Amino acid sequence: MLKIVHACAIAATALFASATFAAPEADFVKLIHQRLQASPVLKGEFEQTKTLKGFRNPLVSHGEFLVARGQGVWWHTQQPFESTLVVTKTRLFTRNADGSANNLMDAQAEPGVKQVNELIFSLLAADLDVLADKFSVVAQAVGANGWTLTLTPRDANIAKFLVRATLAGERDVQTVRIEEARGDATQIRFEHQVPSPALTPDEAARFQ
């Protein structure tokens, strides 16, 4: 996930046939909003596959995640090496095994960190209002409940490192694919996602 953040600073109804929408942007945003499950807290597991340009074998990692809307993303990689990355509105930091934190970016030192973090939140949570503002969006319905979103940066600064992001899912975002300008690509698959109305005290402490 750290490489995704660097790539983003470098940063989840009625029956339809599989077809690209010809409807206005507001229409497909409304459709995906209807299909998505809007939960304040979402937790689950992930498999991340990082393909590096010039390397034959991809880098695969597994772990667990926690997304709290408006608060942050907790990304705990368990294999092949353990690490924890935390993204909040104002900070991006790693959490050590002893509980201490190492700041990677801070909003006071790096004014752009807020925009970076909002982008990460938006991708993982499929926050369409934010994404439609920063990207040209092509929506595609898949069967009765599925959908895909292909995002191409409108912002020239984002386009310097991000070529395209593709999200797919049903009630939740199930996969995210990020294609970087330098030729690397990251595919994330989410599993065993569990919504919750609020963070537990232990979960809230992860963002401190």
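Residues numbered from 1 in each chain as written. Predicted model: local features only at pLDDT ≥ 70, side-chain atom pairs only at ≥ 80, totals over all residues. Heavy atoms only, no water.

1. Here we look at the overall build of the protein
When its secondary structure is counted, the protein shows 6 helices and 12 strands. Counting every atom, the protein has about 10,700 Å² of accessible surface; 52% of that belongs to carbon and sulfur. (Helix = DSSP H or I, 4+ residues; strand = E, 2+ residues; numbered from the N terminus. Areas by Shrake-Rupley, 256 points an atom, 1.4 Å probe, with all protein chains shown as cover.)

2. Some details on the pattern of salt bridges
Going through the model one piece at a time under the given rule, you end up with 9 salt bridges. Across the pair Glu-180 and Arg-182 runs a salt bridge, and its minimum N-O distance is 2.9 Å. Overall, the relative accessible area of 6% leaves Glu-180 in the buried class. Where Arg-189 meets Glu-191, a salt bridge forms, and the shortest distance between an N and an O atom there is 2.2 Å. With a relative accessible area of 31%, Glu-191 lands in the partly exposed category. Through salt bridges that share partners, Lys-50, Glu-180, Arg-182 and Asp-184 make up one connected network. (Salt bridge = Lys/Arg side-chain N within 4 Å of Asp/Glu carboxyl O. Buried < 20%, exposed > 50% of the residue type's maximum accessible area, 1.4 Å probe, protein only.)

3. Here we look at the environment of Thr-88
Counting through the fold element by element, Thr-88 comes out in strand S5 (residues 83-88). Distance in space between the C-alpha atoms of Thr-88 and Gln-71 is 5.8 Å, their sequence separation being 17 residues.

4. Let's talk about the side chain of Asp-184
With respect to the helices and strands, Asp-184 occurs in the loop between strand S11 (173-180) and strand S12 (185-196). A polar atom in the side chain of Asp-184 sits 2.9 Å from the side chain of Arg-182. (Polar contact = N/O pair within 3.5 Å; in protein donor to acceptor, adjacent residues only side chain to side chain.)

5. Points about the nonpolar core
Formed by 26 residues in total, the largest nonpolar core has its most connected members in Phe-65, Trp-75, Phe-135, Leu-149, Leu-151, Leu-167 and Phe-190. Grouped together as the second largest cluster of nonpolar side chains are 8 residues, Leu-66, Ala-68, Phe-93 and Phe-207 included. (Core = buried A, V, L, I, M, F, W, Y, C linked by side-chain atoms within 4.5 Å.)

6. Things to note about the pairing of strand S4 (residues 72-79)
Summarising burial for S4: 6 of the 8 residues are buried, a large majority. Pairing of strand S3 (residues 59-68) with S4, which is carried by 7 bridges, proceeds in the antiparallel orientation. Residue pairing across strands places Ala-68 opposite Gly-72, the latter belonging to S4. What sits between the antiparallel neighbours S3 and S4 is a turn of 3 residues, in which Gly-70 has the positive phi angle 80°. Sheet topology note: the S4/S5 ladder contains 6 bridges and is antiparallel. From the neighbouring strand, Trp-75 faces S5, where its bridge partner is Leu-85. (Pairing = 2+ DSSP bridges.)

7. Description of the confidence of the model for the protein
With 69% of its residues at a pLDDT of 70 or more, the protein has an overall mean of 74. Overall, residues 1-25 carries pLDDT values under 50, and its contacts beyond four positions in sequence, including any with other chains, amount to 78 contacts. (pLDDT = per-residue confidence, 0-100. Contact = heavy atoms within 4.5 Å.)

8. Concerning the packing of aromatic side chains
Scanning all chains against the criterion turns up 4 aromatic pairs. Arranged with centres 5.0 Å apart and planes meeting at 70°, the rings of Phe-65 and Phe-190 form a pair that is edge-to-face. Residue Phe-65 is found in strand S3, and its partner Phe-190 is found in strand S12; the two are separated by 125 residues along the sequence. When its relative accessible area of 3% is taken as the criterion, Phe-65 is described as buried. With centroids separated by 6.1 Å and ring planes inclined at 90°, the aromatic side chains of Trp-75 and Phe-190 adopt a geometry described as edge-to-face. With Trp-75 in strand S4 and Phe-190 in strand S12, this residue pair connects regions lying 115 residues apart in the sequence. Among the aromatic residues, ring-to-ring pairing joins Phe-46, Phe-65, Trp-75 and Phe-190 into one connected group. (Phe/Tyr/Trp six-rings, centres within 6.5 Å; stacked < 30°, edge-to-face > 60°.)

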